[in-house]
There are 2 protein chains.
Amino acid sequence: MQKVVPMAERAILLLSSSRVHGYGYLEHAKPQIVDFLKRKNVESILFVPYALIDHDKYTATVSAALTPWGYKVEGIHTKKCPVEAISSAQAIFVGGGNTFVLLKTLYEKKLIDPLRQQVLHKGIPYMGSSAGTNVATRSINTTNDMPVVYPPSFEALRLVPFNINPHYLETDPHTEHKGETRDERLNEYLEYAKLPVLGLREGTALLVQGDKATLVGDRKAKLFRPNAEPVEYEPNSDLSFLLQL
Amino acid sequence: MQKVVPMAERAILLLSSSRVHGYGYLEHAKPQIVDFLKRKNVESILFVPYALIDHDKYTATVSAALTPWGYKVEGIHTKKCPVEAISSAQAIFVGGGNTFVLLKTLYEKKLIDPLRQQVLHKGIPYMGSSAGTNVATRSINTTNDMPVVYPPSFEALRLVPFNINPHYLETDPHTEHKGETRDERLNEYLEYAKLPVLGLREGTALLVQGDKATLVGDRKAKLFRPNAEPVEYEPNSDLSFLLQL
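The rules we used
Residues numbered from 1 in each chain as written. Chains lettered and ligands numbered in written order. Predicted model: local features only at pLDDT ≥ 70, side-chain atom pairs only at ≥ 80, totals over all residues. Heavy atoms only, no water. UniProt positions renumbered as here; feature names shortened; annotations may be inferred. Pairing = 2+ DSSP bridges. Helix = DSSP H or I, 4+ residues; strand = E, 2+ residues; numbered from the N terminus. Axes fitted to C-alpha atoms, helices over the stretch in contact; angles between N-to-C directions. Contact = heavy atoms within 4.5 Å. Buried < 20%, exposed > 50% of the residue type's maximum accessible area, 1.4 Å probe, protein only. Least-squares fit on C-alpha atoms with pLDDT ≥ 70 in both. Buried area = accessible area lost by both parts, 1.4 Å probe. Salt bridge = Lys/Arg side-chain N within 4 Å of Asp/Glu carboxyl O. Polar contact = N/O pair within 3.5 Å; in protein donor to acceptor, adjacent residues only side chain to side chain. Nonpolar A, V, L, I, M, F, W, Y, C, P; charged D, E, K, R; others polar.

In the annotation of an unreviewed UniProt entry, the entry for chain A reads dipeptidase E, and the organism field reads Stomoxys calcitrans. Heading Function (unreviewed entry) of the UniProt record for chain A holds this comment: "Hydrolyzes dipeptides containing N-terminal aspartate residues."

Following this line, the structure appears as structure tokens:
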């Protein structure tokens, strides 16, 4: 008989973006981040800067934001063994940038399974923003990023069993530009994948605690589903049903 | 000794978009399209509708636009053997839609080599718009589309040896949205690929005739190069140097 690994309480915070107009880096989400990390008694955060090209500079930005809040921030790129760094992390933060570059690097460094193991089975808190949110979901099929590199797969960490579109926004209906709107792009995904996507506007996040998923932040989120009209959810809505997919 | 295949005069017209504000489908480019096809005495066009999901509907749209101009339009999806259809086409038009879906289908139907052969060695005219322009270039790394399906490679037809960004536009500098701007996305590509990208604004196209490449349409194009400032080119500029890369 296969040994059943007990599930620790999952703790996942997926931010639409790290920046919101009028705020400093991560500043808009400070109360949510502090509360999220306090519940797991986190003092030290392992930062994954792979989505941008300059890892040192990126880690310095994140450290400048989070150190004053009382956290120690270390870049995974400074560690001898990234797999070991994931396995011994108190909490993990995967920053935004280019989703294709990020996912390709996670595959190259063989971090997909260790990340899943830590978050899903050991309950290690995972925070992502933008690209770091995309890679936490089922796949990167709903990223907004340009495919500047070719990853070995679009399948991602599957910490949640559906897709998210970060930085979600409605296209200005008065534009004369003929490029596709965001909603047209997401509907293309629905046509091919037949799977739901949560459009997370800037300033909002999805918080997963155990079996409960909640929309946090002060704006609505828009859920796109195959063969159905999109549905808007108010701030603080219970979105736990999405975890049952 | 390997037999040298003589190069017929290439004829490639790569449109930024099929639609421009205030015009019907392809209408803005009518003089350029008619002139382009007349030089090769084209009467019949093989249309490749793979970038959209409804091939019949898409072919009907294209036929409704081009039949009144005197061309017969046939959808490749109505042919028993797509490879044979490419090999016997008088001219090929690859329409826009989702670039990932389009390129994946070209690979699945084994059309990459036949298309290259026809266009580069036999001088069969190739017209593309939007996604049809992306797949004609070196790679699809600079598409604006959402990666709704996973193609076996991002390498494309390489009918021209550089990349194009269709629907190119500058992002509104007053936006409060924190998603990346188009220029930031293209600069990410430059950082990783170290290769140039031509930003083609809607209403413009790149016309290749033999060894000569010309910017057509009434707006400038913006060339992005690694480690250099972007350069704007006026309408009708000679861009033949891009073919020498």
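In a beta sheet, neighbouring strands pair by backbone hydrogen bonds and run either parallel or antiparallel. Residues and elements named next belong to chain B. Pairing is mixed across the open sheet formed by four strands, whose spatial order is 6-7-10-11. Looking along the sheet, the strands with just one partner apiece sit at the ends: strand 6 (163-168) and strand 11 (231-233). Ignoring strand direction, the axes of neighbouring strands in this sheet form an average angle of 25°. Relative to strand 11, strand 10 (residues 221-224) runs antiparallel, the two being bridged by three bridges. Looking across to strand 11, one finds that L223 is bridged to V231. Seen against the sheet, helix 7 (residues 182-193) touches strand 6, strand 7 (197-201) and strand 10 and runs at an angle of roughly 170° to strand 6.

So, on to the pairing of strand 1 (residues 11-15) of chain A. All names here are of chain A. A large share of strand 1 lies buried, amounting to five of its five residues. The side-chain alternation of strand 1 yields two buried faces, one formed by A11, L13 and L15 and the other by I12 and L14. Two strands pair when backbone bridges link them, and strand 1 and strand 8 (residues 204-209) are joined in this way by five bridges, in the antiparallel orientation. Residue pairing across strands places L13 opposite L207, the latter belonging to strand 8.

Further remarks concern the sheet that holds strand 9 (residues 212-217) of chain A. Residue and element names in this part refer to chain A. Strand order across the open sheet formed by seven strands is 3-2-4-5-1-8-9, with mixed pairing between neighbours. Edge strands, defined here as strands with exactly one partner in the open sheet, are strand 3 (72-75) and strand 9. Taken over all neighbouring pairs, the strand axes of this sheet differ in orientation by 20° on average, direction set aside. Bridge count between strand 4 (residues 92-94) and strand 5 (residues 126-129): three bridges; the pairing is parallel. When the sheet's bridge partners are listed, V94 is paired in strand 5 with G128. Strands in contact with helix 1 (residues 30-38) are strand 1, strand 2 (44-48), strand 5, strand 8 and strand 9; relative to strand 1, the strand with the most contacts, it is inclined by about 165°. Against the sheet, helix 2 (residues 55-66) engages strand 2, strand 3 and strand 4, with an angle of about 170° to strand 3.

Least-squares fitting of chain A to chain B yields an RMSD of 0.0 Å, with the transformation described by 0.0 Å of translation along the axis and a rotation of 180°. Between the two chains, the operation in question is that of a two-fold axis. Taken as a fraction of all interface residues of chain A, those also at the interface in chain B reach 100%, which identifies the copy contact as same-surface.

A few words on the interface of chain A and chain B. Often the size quoted for an interface is simply the accessible area lost on bringing the parts together. If you look at the interface, chain A gives 41 residues, while chain B gives 41 residues. On the chain A side of the contact with chain B, M146, Y150 and Y192 of chain A bury the most area, a combined 21% of that side's loss. Seen at the junction of chain A and chain B, the total is two salt bridges. Ionic pairing is found between D145 of chain A and R185 of chain B, a salt bridge with its closest N-O pair at 4.0 Å. Linking chain A with chain B are 15 residue pairs in polar contact (both at pLDDT 80 or more). With seven residues, the top contributor of residues to the side of chain A that touches chain B is helix 7 (residues 182-193) of chain A. Across the side of chain A that touches chain B, the residue classes tally to 19 nonpolar, 12 polar and 10 charged.

Given 3.6 residues to a turn, an α-helix orients residues that are three or four positions apart in the same direction. Residues and elements named next belong to chain A. Buried within helix 5 (residues 112-121) we find I112, P114, L115, Q118, V119 and L120. Contacts made by the buried residues of helix 5 are with strand 1, helix 3 (82-87), strand 4, helix 4 (99-108) and strand 5. A positive phi of about 75° marks G123, the residue just after helix 5.

Residue and element names in this part refer to chain B. The residue T59 is located in helix 2 (residues 55-66) in this model. Residue T59 is classed as buried on the basis of its relative accessible area of 10%. Not counting residues within four places of it along the chain, the set of residues in contact with T59 comprises F47, P49, V73, E74, G75 and H77.

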